[in-house]
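Here's the letter readout for the chains.
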Amino acid sequence: MTEPILSVRDLVVKFSLRGQILTAIREASLDLYPAETVAIVGESGSGKSVFTKTWIGMLDANGWADSGSILFEGRDIAKFTTEREWLTIRGKKIAMVFQDPMTALNPLRTVGMQIQEALELHQGMRGEQAKARTIEILAEVGIDMPDVRYHQYPHEFSGGMRQRVVIAIAVACNPRILICDEPTTALDVTIQAQILELIRSLQKKMGVTLVYITHDLGVVANVADRVAVMYAGEIIEYGTVEEIFYDPRHPYTWALLSSLPQLGIKGQPLYSIAGTPPNLFTDIPGDAFAPRNPKALKLDFVKRPPFFQVSPTHYAKTWLLDPRAPKVEPPETIKALRAKHDERYAL
Amino acid sequence: MTQNEREVIIEIKNLRVEFKGKGRKPFRAVDDVSFEIYKGETFGLVGETGSGKTTIGRAIVRINPTAAGEILFKGRRINGVIPKELDREVTRKIQMIFQDPMASLNERSKVDYIVSEGLYNIKGFKDEQDRMAKVSRALLEVGLLPEFASRFPHEFSGGQRQRIGVARALIMEPEFIIADEPISSLDVSIRAQVLNLLSDLQKTKGLTYLFISHDLSVVRFIADRIGVIHKGRLVELAETEELFGRPFHPYTRALLSAIPIPDPQIEKKKKVLVYDPTCHDYSKDKPKWVEITPGHFVLANEEELRQYEAMAG
């Protein structure tokens, strides 16, 4: 098996808020392999953004990696403390594309200068050479008339075009890992499809590892090779995209898939998850999803489940996979998704 | 039940809405749009950002003035200058639910005031006791507790805040509700709750909805009929499954092809169509709004219509 290029082990991230300590990430582990696409899904507050921000040292000033490790190119970057150390990684080796292109771009500087800045800072290019390369990159991300666009400001671009510029800045330095944080949430479906296609083609060309952070399971189905599901700061299940959609094992993954209107039956109520996510200021005993899971076992409330192996690529943190656990059937929507898949296979 | 027998609650005829810029030609946000909404149904309006879908909703609640055309509510015209009495009735009977519950609730007012603000405007209560009883009832109907009335919006989660937005509309005892992207800013797990709430209320109160959204998968789930709008013009309108099963207009086809489907095998193989507006040659032959099969309308000129009819078989 190939070596992972980034390996996160038992990462714990804490924040200090008004004298209280909030645990945002609770012992999350994840390996990234070369040139694959991993999607991290979960609801807001599940910690998916914070988790990836620790890889590039972009936590807010009141947050820190409390324990655990992040191995990248032979170094434990979770131990980094200075900005100088982070600058050897951030933007250069691991880059990020943010959700809203309007806030990610500087409105007072031309688009060309913002891309060129990355080249000058990380690649040591200067003057005409940097400009020529910038125009080349603009063309690569599908912007027409790049030599004209080079001199324009972000407000002269449409939403989709702006997101292309943000992607251009992120890939300018040939990073090894590209993190896309909800890259298409602010865009229309037709534009969304184009941006996803662009990211896919850039990946093919550059061989970069992609990490998508999203709550849109339709997008996940489109882009991902592997999926990690996060809940309350933990990765509770991960596997290949087919394993997660056709054979999910954690009750939270079931709930997340079942609540999608695409899988609902018209005229019948959609499955909805009761309650709210747990308070991260307090210690969470057992399975964090148990209070919202109507079929939770007694054990779920007291003891935290370990990862159980479903297949060599598929793991889930739920007591349901323990050989001693009672048999709990997944909901109908999950079975229907599975049945459709099996039907296609039979043909 | 045939279409003709159904009671029409909202009728929009050749609606045009314009926004004036400085000295320039006014911008036509909505151009020659006509459709009807039947009592008790959910009518979905979909289109991309800037297509004019929200403007139509705002024209119906009379926030945006109309430049031409008519809007009829139960057969009576409600755009332009109308009698005071009708104005009061429409203010009460047509309500709106907004997209972002954080932005649409006054953060400095308590829920009590937010929910009853509409009642104050039309003096819709006898005394303080009556008003409080109405607030409690509205909160209960949307699944909140009456005690919440004394709290501020920031004390609630996104889903609860949207419920407050729904309670504020319900207290007016409306017949017709315009829901403008009511779940777009909510989290996936909360969306289902709000969608279920809207359909429950529709069943128990016989409400009619105009559901405005750019998310076609949500609209498919909730709407009985869908209108597709592109650059201020309605390009296609049909019953939901008819539209998804047999789209005629190239824009509708492109839009439908781009919907992400949560099924990796289908999603990874899908072909996204691109809509090129120059595929229409309207220089000689102007497009018309035609009923191509019963209940299925499309914007097309003579030549396109022949193609579409051939497709319909």
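In this text the structure is predicted, and so the values were computed from the model without any measurement. (Residues numbered from 1 in each chain as written. Chains lettered and ligands numbered in written order. Predicted model: local features only at pLDDT ≥ 70, side-chain atom pairs only at ≥ 80, totals over all residues. Heavy atoms only, no water.)

> I'd love a proper account of the interface of chain B and chain A, names of residues and values included.
With 34 residues of chain B in contact, the opposing surface of chain A contributes 42 residues. Per-residue buried area on chain B facing chain A is highest for F221, P262 and Q265 of chain B; these three make up 22% of the total on that side. Summed over the shared surface of chain B and chain A, the number is one salt bridge. There are 14 residue pairs in polar contact (both at pLDDT 80 or more) connecting chain B and chain A. When contributions to the side of chain B that touches chain A are tallied by element, the ones reaching two or more residues are helix 7 (188-205), helix 8 (216-222), helix 10 (250-257) and helix 11 (264-269) of chain B. Per-element accounting of the side of chain B that touches chain A gives the leading share, eight residues, to helix 7 of chain B. In terms of residue class, the side of chain B that touches chain A is made up of 16 nonpolar, eight polar and 10 charged. (Contact = heavy atoms within 4.5 Å. Buried area = accessible area lost by both parts, 1.4 Å probe. Salt bridge = Lys/Arg side-chain N within 4 Å of Asp/Glu carboxyl O. Polar contact = N/O pair within 3.5 Å; in protein donor to acceptor, adjacent residues only side chain to side chain. Helix = DSSP H or I, 4+ residues; strand = E, 2+ residues; numbered from the N terminus. Nonpolar A, V, L, I, M, F, W, Y, C, P; charged D, E, K, R; others polar.)

> Explain the pattern of salt bridges to me, using residue names and the numbers behind them.
Counted according to the given criterion, the structure contains 43 salt bridges over all chains. A salt bridge links D31 of chain A to R9 of chain A; the nearest nitrogen and oxygen atoms lie 2.9 Å apart. Of this pair, D31 of chain A sits in strand 2 (residues 20-32) while R9 of chain A sits in strand 1 (residues 6-17), placing them 22 residues apart in sequence. For D31 of chain A, a relative accessible area of 16% translates into the label buried. Residue classification places R9 of chain A among the partly exposed positions, given a relative accessible area of 36%. For D31 of chain B, the salt bridge identified is with R28 of chain B, shortest N-O distance 3.8 Å. Via salt bridges that share partners, K74, R76, E89, K93 and E175 of chain B belong to a single interconnected network. (Buried < 20%, exposed > 50% of the residue type's maximum accessible area, 1.4 Å probe, protein only.)

> Explain the pairing of strand 4 (residues 68-73) of chain B residue by residue, including any values.
Put simply, side chains in a regular strand alternate between the two faces of the sheet. Strand direction decides the pairing type here: strand 1 (residues 8-19) of chain B and strand 4 of chain B, joined by five bridges, are antiparallel. Residue K13 of chain B lies in a different strand from strand 4 of chain B, and its bridge partner there is E70 of chain B. (Pairing = 2+ DSSP bridges.)

> Tell me about the sheet that holds strand 3 (residues 42-46) of chain B, residues and numbers included.
Residues and elements named next belong to chain B. Spatially, the eight strands line up as an open sheet ordered 6-7-8-3-9-10-12-11, and their pairing is mixed. Two strands close off the open sheet at either side, each with one partner strand: strand 6 (94-97) and strand 11 (288-293). Pairwise comparison of adjacent strand axes, ignoring direction, gives a mean angle of 20° for this sheet. Sheet analysis places strand 3 next to strand 8 (residues 208-213), joined by five bridges and oriented parallel. Each bridged residue has a counterpart across the sheet, and for G44 the counterpart in strand 8 is F211. In the packing of helix 1 (residues 53-60) onto the sheet, the strands contacted are strand 3, strand 6, strand 7 (176-180), strand 8 and strand 9 (225-230), and the crossing angle to strand 8 comes to about 150°. In the packing of helix 10 onto the sheet, the strands contacted are strand 3, strand 9 and strand 10 (233-239), and the crossing angle to strand 9 comes to about 105°. (Axes fitted to C-alpha atoms, helices over the stretch in contact; angles between N-to-C directions.)

> So what's going on with the pairing of strand 11 (residues 308-311) of chain A? Residues and values would help.
Residues and elements named next belong to chain A. Pairing between strand 11 and strand 12 (residues 314-316): three bridges, direction antiparallel. Within strand 12, the residue paired with F308 across the bridge is A316. In this structure, the hairpin formed by strand 11 and strand 12 is closed by a connection of two residues.

> Residues and numbers for the side chain of E36 of chain A, please.
All names here are of chain A. Summarising the element assignment, E36 is placed in the loop between strand 2 and strand 3 (37-41). In this structure the side chain of E36 is engaged in a polar contact, spanning 2.9 Å, whose partner is the backbone nitrogen of Y33. The residues touching E36, leaving out its near neighbours within four places in the chain, are D31, Q203, V208, T209, L210, D225 and R226.

> Go over the packing of aromatic side chains with me, naming the residues and quoting the values.
Here the distance between the centres and the angle between the planes together describe a pair of aromatic rings. Applying the stated rule across the entire model yields 16 aromatic pairs over all chains. Between Y120 of chain B and F125 of chain B the ring centres are 5.4 Å apart and the planes differ by 90°, which places this aromatic pair in the edge-to-face class. Through a chain of ring-to-ring contacts, the aromatic side chains of Y231, Y252 and F289 of chain A assemble into a single cluster. Lying across the ring of F157 of chain A, R149 of chain A places its NZ or CZ 4.3 Å from the centre. (Phe/Tyr/Trp six-rings, centres within 6.5 Å; stacked < 30°, edge-to-face > 60°. Lys NZ or Arg CZ within 6 Å of the ring centre and 35° of its normal.)

> Explain helix 11 (residues 251-258) of chain A to me, using residue names and the numbers behind them.
In terms of burial, helix 11 of chain A is a largely internal element, eight of the eight residues being buried. Every buried residue of helix 11 of chain A is listed here: P251, Y252, T253, W254, A255, L256, L257 and S258 of chain A.

> Break down the packing of helix 6 (residues 158-170) of chain B against helix 7 of chain B for me, citing the residues and quoting the values.
All names here are of chain B. Closest axis-to-axis distance for the helix 6/helix 7 pair is 10 Å, and the angle between their directions is 20°. Compared by their axis directions, helix 6 and helix 7 come out roughly parallel. Every pair of crossing elements has a handedness; the one defined by helix 6 and helix 7 is right-handed. Residue-level contacts link G159, Q162, R163, V166 and L170 of helix 6 to I190, Q193, V194, L197, L198, L201 and K205 of helix 7. Classifying every residue of the contact of helix 6 with helix 7 by side-chain character gives seven nonpolar, three polar and two charged. (Parallel < 35°, antiparallel > 145°, perpendicular 65-115°, else oblique. Left-handed = near helix turned anticlockwise from the far one by under 90°.)

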